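# Structural overview
What follows is the residue order along each chain.
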Amino acid sequence: MSEQLFKSFAIIGAGPNTGIHIVKAFLAIGVPILVIARPTSTNVAALPTDDPNLTLVRADYTSTSEISTVLREYKIDVLISTVTLVFGGVVGQNILADAAKQAGVKLFVPSEFGIKPQLAKGGMAFQKTDFAVYAKSIGLPTLRVFSGLFYEFIPWITALADTGKLHIVNKGETPGSFTAVSDVAGYVAHILTTQPPSRLLDVEIQIEGQRATFSEIGALYKGRAPVVYCDALPTEGVVNAHFRTFFQKHIGAGGGSCGWNPVTESDDAASANRDNSLWEGHRWLTISEALGL
């Protein structure tokens, strides 16, 4: 007898970077989705609220009881979180996890959608590791999706958007995983609606749209923008320059690959796209296509 697929889905954090793309991916395949927005959120203005498969409610993300009530009312099977790391949303996921557990949610998809976080305190995105430990401690099944760096973030991490120049820290010769945000969103919607729960519960997914080095990406910008090799990004006019430099150095050490093992600090390049096959027949966008290069 085949397993019953997940039927009801909700998302918290439907902002412009990741969340809204996942919402649109669900709507594109005709699957209803519940968006839970903060009471004061203005991101909802960009949602296609005229789509009958979209339901929007507002709730306080800091209230376990309030979120739990909403999840229980709509009988949600899967809760997706796309809250941001930069503004402290990931730290607040413990409250969302407690609410999901109380409401009987079957699967929690935490805000990963990037490179694998480091394990030690102070490491790259270590708060995501802390959350994974917490979710396991309360018995809440999770699905962690690692997709490498979004193509769309390349102009940000290289300070191209700030300076008009593509800055590559050190030599930029270490391969990393990169994926279009639309492909990540479509993938999430696809596997959650087609794969049996046993394939998704407490699983780490590794996908990769294109494997590339920053040096190779720099070559794509030939004739479009100057490419600068440097020890660190310029700080003048570049917000969070030190973090971006740290991010690039982490990728340079191998941590940008979805095949990266944070325990052994080694990369299994062949496994970086091991789960691409779950979206059968899909053609993944390239960096050039996504950025119009």
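That block above? That's the structure.
As the structure is a computational prediction, the values presented were derived from the model and not from experiment.

Criteria and thresholds
- Residues numbered from 1 in each chain as written.
- Predicted model: local features only at pLDDT ≥ 70, side-chain atom pairs only at ≥ 80, totals over all residues.
- Heavy atoms only, no water.
- Phe/Tyr/Trp six-rings, centres within 6.5 Å; stacked < 30°, edge-to-face > 60°.
- Helix = DSSP H or I, 4+ residues; strand = E, 2+ residues; numbered from the N terminus.
- Buried < 20%, exposed > 50% of the residue type's maximum accessible area, 1.4 Å probe, protein only.
- Axes fitted to C-alpha atoms, helices over the stretch in contact; angles between N-to-C directions.
- Parallel < 35°, antiparallel > 145°, perpendicular 65-115°, else oblique.
- Left-handed = near helix turned anticlockwise from the far one by under 90°.
- Contact = heavy atoms within 4.5 Å.
- Nonpolar A, V, L, I, M, F, W, Y, C, P; charged D, E, K, R; others polar.

## Things to note about the packing of aromatic side chains
Applying the stated criterion across every chain yields a total of 10 aromatic pairs. With centroids separated by 6.4 Å and ring planes inclined at 65 degrees, the aromatic side chains of Tyr187 and Trp279 adopt a geometry described as edge-to-face. On the criterion of sequence distance, the pair formed by Tyr187 in helix H7 (residues 181–194) and Trp279 in the loop between strand S14 (266–267) and helix H11 (287–291) is long-range, its members being 92 residues apart. Trp279 matches Tyr187 in its accessibility class, with the two residues each being buried. Ring geometry for Phe243 versus Phe247: centroids 5.8 Å apart, planes at 70 degrees, classification edge-to-face. Of this pair, Phe243 and Phe247 both sit in helix H10 (residues 241–255), separated by 4 residues, roughly a single helical turn. Using a relative accessible area of 31% as the deciding quantity, one classes Phe243 as partly exposed. Through a chain of ring-to-ring contacts, three or more aromatic side chains come together here, namely Phe150, Phe153, Trp156, Phe243 and Phe247.

## A short note on the packing of helix H1 (residues 19–28) against H7
When two helices pack together, their arrangement is given by the angle between their axes and by how far apart the axes lie. Interaxial distance between H1 and H7 falls to 8 Å at its minimum, and their mutual angle equals 50 degrees. Relative to H7, the element H1 is oriented oblique. Crossing angle aside, the handedness with which H1 passes H7 is right-handed. Packed against H1, whose contacting residues are His21, Ile22, Ala25 and Phe26, the element H7 presents Val181, Ala185, Gly186, Val188, Ala189, Leu192 and Thr193 at the interface. Broken down by class, the residue content of the contact of H1 with H7 amounts to 8 nonpolar, 3 polar and no charged.

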